[in-house]
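In case you want the letters, here they are:
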Amino acid sequence: MISNQILQNTIDGLKGITKIDLRVIDTEGNVLAETASDSVDYGDSIRAFVDSPADSQVLQGYQFFKVYDESQLEYVVIARGDSEEVYTIGKIAVFQIQNLLVAYKERYDKDNFIKNLLLDNLLLVDIFNRAKKLHIEMNVRRVVYIIETSKEKDNGALETVRSMFAGGNKDFITAVDEKNIILVKELAQNETYGDLEKTAQVIVDMLNTEAMARVHVAYGTIIKEIKEVSRSYKEAKMALDVGKIFYNDRRVMAYSNLGIGRLIYQLPMPLCKMFIKEIFEDNTPDQFDDETLTTINKFFENNLNVSETSRQLYIHRNTLVYRLDKLQKSTGLDLRVFEDAITFRIALMVVKYMNYLESIDY
């Protein structure tokens, strides 16, 4: 369960303090970590020691110690030297590694619990029982962030996120698929949605700088009980999808700021097709030329202001009016009229959503 690198760092630290060489070996005699290499074949000695009832023994100038994970023999530690001091150092190494096993097992258990919590795989009674057993606070404010990376299994991004939130053990970082990192963050009583937005932006900037990763970050609403974690996760997931469909220029999306995109995202495909057919008949926005689409988008960006839109498009006001008149003739909608503009705007978003649904079907 413990990586070889962690074992290596542990015995390197002990060697730096005690000047005693140490090795960690598995029950088959394979060296997993060592502070000094030699040509000794430990295979037969290890197997004999593993089969013996002794927890430690001295053999040819080395001291052997067993490391248990509960009642299961996991490792053998070898310390060079046969003095009482070396024996003490060996026992300290065993104690340290056994504590690491407990810590990593607890972390693994918590990770499993959080994953099942996110995916809504637990009964309510199981949530409370397991949270209590794992010493996880049940009634605190939390929020779920989803960090989507541009490539699968981005370990650099995962480690960067872990380092950012390593200050305490109240935040949980895990993954439920290949591209998404999940952060379940505990919040202080005075933290607001503005603070959540700042945290999300810090994550984006840090991953871009430290891990050279382009990411999207989405987050759900603040919850007050651990049983609601799955709801905040589902909200964050919807925010991520809706953001990619309707607001693809944004790197951070909040569920509470999705607006009408959240409603459109829940429409069935037949209803979308019927709506577009009623508005455009056979002339859908996909068939508009680039000039018309640019004019429409810029007009909406400027809140239906003809003068400002014509200025930003570097065209005469009359040219813009001509384009809007032409669009009205082909669709029956006058974008200068608020109600028609709203209808057209919604229709454009529905078409985007339909294109998204078609793309994921193939």
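What you see is a predicted model; the values in this text were computed from it and never measured. Every chain's residues receive numbers from 1 upward, in the order its sequence appears when written. Residue-level local features of this predicted model are given only where pLDDT is at least 70; pairs of side-chain atoms are given and counted only at 80 or more, and the full residue set underlies all totals for whole chains, interfaces and linings. Neither water nor hydrogens contribute to the side-chain values; these are computed over all heavy atoms in the structure.

1. Here's the deal with empty space enclosed by the protein
Only protein atoms enter the 1 Å grid used here. Points where a 1.4 Å probe fits but cannot escape make up a cavity, open sets with protein on both sides within 12 Å along at least five of seven lines make up a pocket, and a residue lines them when an atom lies within 4 Å of a point. Grid points are joined across faces, edges and corners, and a volume is the space filled by probe spheres set on the points. Applying the stated rule across the entire model yields one cavity of 30 Å³ or more. Lining the largest cavity we find H216, V217, A239, L240, G243, K244, R250, R251, V252 and M253. Only DSSP runs of H or I reaching four residues or more are called helices, and only runs of E reaching two or more are called strands; each is numbered from the N terminus. Listing elements by their share of the lining of the largest cavity, those giving two or more residues are β9 (215-219), α7 (229-246) and β10 (252-254). Side-chain classes follow a simple rule in which Ala, Val, Leu, Ile, Met, Phe, Trp, Tyr, Cys and Pro form the nonpolar group, Asp, Glu, Lys and Arg form the charged group, and the remainder, Gly included, forms the polar group. Classifying every residue of the lining of the largest cavity gives five nonpolar, two polar and three charged.

2. A few points about the nonpolar core
We define a nonpolar core as any set of buried Ala, Val, Leu, Ile, Met, Phe, Trp, Tyr and Cys residues linked to one another through side-chain atoms lying within 4.5 Å. The buried label applies to any residue whose accessible area, calculated with a 1.4 Å probe on protein chains only, is under 20% of its type's maximum; exposed applies above 50%, and partly exposed to all values in between. Counting 59 residues, the largest nonpolar core has F113 and F344 as the members making the most contacts within it. Throughout, a contact is declared for two residues whenever any of their heavy atoms are within 4.5 Å. The contact partners of F344, leaving out residues within four places of it in the chain, are F280, F288, I296, F300, L327, T331, L333 and L335. If you look at the next biggest cluster of nonpolar residues, it comprises 24 residues, including Y145, A200, I203 and V204.

3. Describing the packing of aromatic side chains
Two rings belonging to Phe, Tyr or Trp (six-membered ring only in the last case) form a pair when the distance between their centres is within 6.5 Å. Interplanar angles under 30 degrees mark stacking, angles over 60 mark edge-to-face geometry, and anything in between is tilted. Applying the stated criterion to the full structure yields seven aromatic pairs. Relative to Y87, the ring of F65 has its centre 5.7 Å away and its plane inclined at 45°; by these criteria the two rings are tilted. Of this pair, F65 sits in strand β4 (residues 62-69) while Y87 sits in helix α3 (residues 84-118), placing them 22 residues apart in sequence. Judged by centre distance (5.4 Å) and plane angle (50°), the rings of Y145 and Y219 are tilted. Of this pair, Y145 sits in strand β6 (residues 142-149) while Y219 sits in strand β9, placing them 74 residues apart in sequence. Aromatic rings pair up to connect F280, F300 and F344 into one cluster.

4. Let's talk about the environment of A254
When you line up the elements, A254 lands in strand β10. With relative accessibility at 3%, the residue A254 sits in the buried group. Sequence spacing of A254 and L101 is 153 residues, and the spatial spacing of their C-alpha atoms is 38 Å. What A254 contacts, discounting residues up to four positions off in sequence, is E197, Y219 and A239.

5. Remarks on the pattern of salt bridges
The working definition used for a salt bridge is a side-chain nitrogen of Lys or Arg within 4 Å of a carboxyl oxygen of Asp or Glu. Throughout the structure, instances matching the rule amount to 15 salt bridges. A salt bridge links D21 to R80; its shortest N-O distance comes to 3.5 Å. Here the residue D21 occupies a position in the loop between α1 (4-18) and β1 (22-25), and R80 occupies one in strand β5 (residues 72-80), the gap between them amounting to 59 residues. The class for D21 is buried, based on a relative accessible area of 12%. Ionic pairing is found between K227 and E225, a salt bridge with its closest N-O pair at 4.0 Å. Relative accessible area serves as the criterion here: at 34%, K227 is assigned to the partly exposed category. If you follow the salt bridges from partner to partner, you end up with K15, D21 and R80 in one network.

6. Considerations on the sheet that holds strand β8 (residues 180-186)
Following DSSP output, two strands are said to pair if at least two bridges run between them. Strands sit in the order β7-β8-β6-β9-β10 across an open sheet of five strands; the sheet is mixed. What marks the edges here is a single partner per strand, and that holds for β7 (172-175) and β10. Within this sheet the neighbouring strands show an average axis-to-axis angle of 20°, counted without direction. For helices, the fitted line uses only the C-alpha atoms of the stretch in contact; every axis is such a line through C-alpha atoms, and the angle between N-to-C directions lies from 0 to 180 degrees. In the packing of helix α6 (residues 193-210) onto the sheet, the strands contacted are β6, β8, β9 and β10, and the crossing angle to β9 comes to about 160°.

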